[in-house]
Structure formats: C-alpha cells, structure tokens
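Here are the chains, one letter per residue:
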Amino acid sequence: MSDKNIYKLTSPSVAIDIMQRHGFHTMKAFGQNFLCDEHYVCGIVDAAEITKDDVVIEIGPGIGTLTQLMCERAKHVIAIEIDKKLIPILGETLGAYDNFTVVNEDVLKADIKGIINRYSPSRAVKVVSNLPYYITTPVIMRFLEEDIKFSSMVLMIQLEVADRLSAPAGNKDYGVVSIMLQCAYDIEFMLKVPASVFVPRPQVNSGVVRMTPKEKRLTARDNELFKAIVKGAFAQRRKTLLNSLSSVKELGGMSKDAITAILQSQGIAPTERCENLTIEQFVALSDAISAERG
Ligand code: SAM
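**A few points about the overall build of the protein**
Across its full length, the protein carries 12 helices and 9 strands. Dimensions along the principal axes, computed over C-alpha positions, put the protein at roughly 75 × 40 × 25 Å. Here the protein, with 294 residues, has 51% of them falling under the buried criterion. For the protein, the exposed surface amounts to about 13700 Å²; the carbon and sulfur share of it is 50%. On the protein, the mean spot of the 34 positive side-chain charges and the mean spot of the 35 negative ones are 4 Å from each other.

**Remarks on the environment of phenylalanine 30**
You can see phenylalanine 30 is positioned in the loop between helix H1 (12-21) and strand S1 (34-35). For phenylalanine 30, a relative accessible area of 24% puts it in the partly exposed group. Measuring from C-alpha to C-alpha, the distance between phenylalanine 30 and glutamine 20 comes to 18 Å, with 10 residues separating the pair along the chain. Look past the residues within four positions of phenylalanine 30 in its chain and what remains in contact with it is Ile82, Asp83, Pro132 and Tyr134.

**As for the sheet that holds strand S6 (residues 152-158)**
Ordered in space as S4-S3-S2-S5-S6-S9-S7, the 7 strands form an open sheet in which the pairing is mixed. Among the strands making up the open sheet, the edge pair consists of strand S4 (100-103) and strand S7 (185-193). Recorded for the sheet is a direction-independent mean angle of 20° between the axes of neighbouring strands. For strand S5 (residues 126-130) and S6, the ladder comprises 5 bridges, and the chain directions are parallel. Bridged to asparagine 130 within S6 is methionine 156. Its contacts with the sheet put helix H2 (residues 38-47) on S5, S6, S7 and strand S9 (206-213), and the angle it makes with S7 is roughly 170°. Docked against the sheet, helix H6 (residues 136-145) engages strand S2 (55-59), S5, S6, S7 and S9, running at close to 160° with respect to S6.

**Considerations on the pattern of salt bridges**
Going through the model one piece at a time under the given rule, you end up with 17 salt bridges. The partner of glutamate 92 in a salt bridge is arginine 21, with the nearest N and O atoms 2.8 Å apart. In this pair, glutamate 92 sits in helix H4 (residues 87-93) while arginine 21 sits in helix H1, placing the two residues 71 residues apart along the sequence. With a relative accessible area of 21%, glutamate 92 lands in the partly exposed category. When the shortest N-O distance is used, the salt bridge between arginine 210 and glutamate 49 registers 3.5 Å. Of the two residues, arginine 210 is situated in strand S9 and glutamate 49 in the loop between H2 and S2; the sequence distance between them amounts to 161 residues. Through salt bridges that share partners, Asp17, Arg21 and Glu92 make up one connected network.

Calculation criteria
- Residues numbered from 1 in each chain as written.
- Predicted model: local features only at pLDDT ≥ 70, side-chain atom pairs only at ≥ 80, totals over all residues.
- Heavy atoms only, no water.
- Helix = DSSP H or I, 4+ residues; strand = E, 2+ residues; numbered from the N terminus.
- Buried < 20%, exposed > 50% of the residue type's maximum accessible area, 1.4 Å probe, protein only.
- Areas by Shrake-Rupley, 256 points an atom, 1.4 Å probe, with all protein chains shown as cover.
- Lys, Arg positive; Asp, Glu negative; His and termini not counted.
- Charge placed at Lys NZ, Arg CZ, Asp CG, Glu CD.
- Contact = heavy atoms within 4.5 Å.
- Pairing = 2+ DSSP bridges.
- Axes fitted to C-alpha atoms, helices over the stretch in contact; angles between N-to-C directions.
- Salt bridge = Lys/Arg side-chain N within 4 Å of Asp/Glu carboxyl O.

Just geometry here; none of it tells us what the structure is for.
This is the structure:
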C-alpha cells in the first residue's frame, strides 16, 4: 500500500464529492446505485470471508466502495467494470492499493477463465458483487453454464430474487430457479439491505446471498426432461403433482395411472404439491420417468 489518499467512500458526501469532481453522473442503464453505508459494506465483505490468500473477482466496482475493504483483506482484487468513465475515479479512490487491478469490460463478454488462469491458477477465486439488477440472471447463468470455478460467490441482488434463489423446499419462494441453481450450489441468504443506503436510491430493497459450489452437482440422467418436469410442476404450483405432471408434454402422453405408479414408487403421494419436493426427489423422479420411457 502506498501513502496515497484513503477515502471514506461509505460516506455519501465523500462519494458525491468524488463523482462531482470527476463530472461523473450515474447511469440507470448500467444499474449504478452505489452502496454508501459502512455497516452493509462490512456485512457483504464479511460474508465473503476473504483472507490474505484469496484472489477476489469483483463485478462492477463502481467508485470502489466494496473494493477498498476487499483490497485491505485480500491478496489481490480484480474488478471488471463496464463503464470507462469510472476508471479514472477508481484510479484515484484505489490508488493507494497495489493489489488492485481493473479490467474495463462487460462481465458478460470478459474472458473470466483467462483472468482466473492469470491471477489465481492454483486456488479458486472468490467472486463478490453488488450486481446491477439487469444482469443478475445472465451473470449467474454464465458462471453456471460455463462452469467457471470459484470457491464462493457473494452477490447483492434484488431482495425477491435473493429469496427465490436461497429458498429451501417447503418455502413459498421455492421454485424453478431455486432448484436449477441449488443443483450446483448451496445458496445461503446472508442479509437484507434497505434501498435507503444507496446513492441514488433504487426502487427496491436488496438481499445478499452466498453461493458455494456443491462438491458434486446433482444431475439427472436426462437434463432436458428434468427441466421440463420442474417447470411443468411449478407452472401451476397450487395443483397436485399428478395433475401438473399430466400436462407436461415432454412426458409423451404418459397416463395418469402410469404417473401415479412412478410417484408412488418414489414414496411421493400423487396429491403432493411441487413445492414440498426436495431437489433430490425431483432428480429421482425425473430419472424414474426417464427409465420408464426407456
Ligand atoms: N460495487 C459498487 C457499489 O457497491 O457501490 C457499484 C455497484 S452498482 C450496483 C453496479 C456496477 O456494475 C456499476 O459500477 C456499473 O457500472 C457496473 N456494471 C454494470 N453493467 C456491467 C457489466 N455488464 N459488466 C461489468 N460491470 C457492469
């Protein structure tokens, strides 16, 4: 660390002053709502459990508020920021840290595996982000589908989405996304963040989740069938499983009797509701249907 200025970026007046000096105006299109509250900055960074051995990838550093605390705790922080107008601001606010690197790119296009290979080839990175709402799903799906390795991912996202991602079976928020993501990750709800601690203030409250890759992903033998069953089951979540599954076209017109027999073979009552089935039960059900179809 050099002797350059350390700014108190969690103070709204300091943050606004820096933005004004740089002639910077936040852009809605980039989801620029900056977190200005020490308690919540610490809460998010604490959730990531960063140590001096960790390389952290931050998506969207903004003016560097979370980044600053992570630079204090991590070995290296690599931030991916789309807005080139923020680069000189980050140069000023994080100029004191020699363990900070900014990559001026769109996270949906950046070579994230290349960044990991370059900066942390032998230890899984931690990912942290106050994620702009408009890219929540594409970012998570990119990491999932491209199987980008990380040891944990701490994300601040819209509260309802955080509730859905982390919901366990039996919960009112449990649904298709909870199941698809929890096949690969353990997802914990960490904290709720009120809209009042952002500049500018967004319309909605936020929630922070921590995603940790499962040692072994839960996979069905026919993934397309699995997705169709889960989507079909939740298409009308108040219906019984038997009725919902009867309308899933991927089951190829399987009779109600045949579906009842398979459900019973799995110890599931045909009158059960989808939200009470665990992910493991959905996988087993999908595999049993797949086996029956041959
Ligand atoms: N981390 C800062 C904080 O907590 O105050 C800023 C968070 S702000 C909600 C989202 C940040 O992501 C902004 O800096 C925005 O410019 C950046 N961003 C938006 N879209 C992006 C993208 N596709 N790729 C990389 N960064 C993006």
